[in-house]
Structures are given as structure tokens and as C-alpha cells.
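# Structure assessment
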Amino acid sequence: MKRILLVDDDSSVLEILARALPDYELAVARDGGEAWVVAGRMGQPDLLITDYMMPTLFGDELIGRLRRPWPDLKVLVLTGHG
């Protein structure tokens, strides 16, 4: 089963994404700092879906940190900001 790490500080967005991805193993984090910890426990996800603007770490900072150990990590960035 493919593993996806979902990261967003908006719980309604996380809920919608979780409902849209029922056939995947999902790990959820509410900000970049929590995502860093969750990723360390789960190992490399097959896909990172992350918000861009979040507390603790912005999405681009999180991507940079996660790509150090996993340079081939696939990423989808979401944002509600223009």
C-alpha cells in the first residue's frame, strides 16, 4: 500500500484529503515541525502532500529537510494563498 504524508494546519483540509484518499496508508501532521517527527517514525513516504504556509516550518522548508535523506521524494504543494 502506498504511504502518503499529509501536512496542513487546517483540519478541514486534512479531513477532505483523508476522505479523498481511502486506498492509501495516511500519516497526518498539523504543521511542518510535527511532519518532521512523523516522517522520522514512518520512514520515506511515497508522496508528501503539504500546505505551503504553516506554523513552525513552511512547506518549502519541510520539503528541503525531507529531501536531505530522501532526495527522490515526490511532493504535491497546496496553498490557499495567492
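Residues numbered from 1 in each chain as written. Predicted model: local features only at pLDDT ≥ 70, side-chain atom pairs only at ≥ 80, totals over all residues. Heavy atoms only, no water.

A few words now on the packing of aromatic side chains. Within this structure, the stated rule accounts for 1 aromatic pair. For R65, the ring lying beneath its charged end belongs to W36, and the centroid distance is 6.0 Å. (Phe/Tyr/Trp six-rings, centres within 6.5 Å; stacked < 30°, edge-to-face > 60°. Lys NZ or Arg CZ within 6 Å of the ring centre and 35° of its normal.)

Before going further, it helps to spend a moment on the side chain of D31. In this fold, D31 is placed in the loop between strand 2 (25-29) and helix 2 (32-42). Polar contacts involving the side chain of D31 include one to the main-chain amide nitrogen of E34, which spans 2.8 Å. For D31, the contacting residues outside a window of four places in its chain are V7, M54, P55 and T56. (Helix = DSSP H or I, 4+ residues; strand = E, 2+ residues; numbered from the N terminus. Polar contact = N/O pair within 3.5 Å; in protein donor to acceptor, adjacent residues only side chain to side chain. Contact = heavy atoms within 4.5 Å.)

Attention shifts here to helix 3 (residues 59-67). Listed as buried for helix 3 are G59, L62, I63 and L66. Down the axis, helix 3 shows its buried residues gathered within 100° of arc, on one side only. Buried residues along helix 3 sit against strand 1 (3-7), helix 2, strand 3 (47-51) and strand 4 (75-78). (Buried < 20%, exposed > 50% of the residue type's maximum accessible area, 1.4 Å probe, protein only. Arc of directions from axis to C-beta.)

According to the stated counting rule, one finds 1 salt bridge in the structure shown. Put simply, E15 and R19 hold a salt bridge, and the shortest N to O gap is 2.8 Å. Taken as a pair, E15 and R19 lie in helix 1 (residues 11-20) at a separation of 4 residues, close to a single helical turn. R19 sits in the exposed class, given a relative accessible area of 59%. (Salt bridge = Lys/Arg side-chain N within 4 Å of Asp/Glu carboxyl O.)

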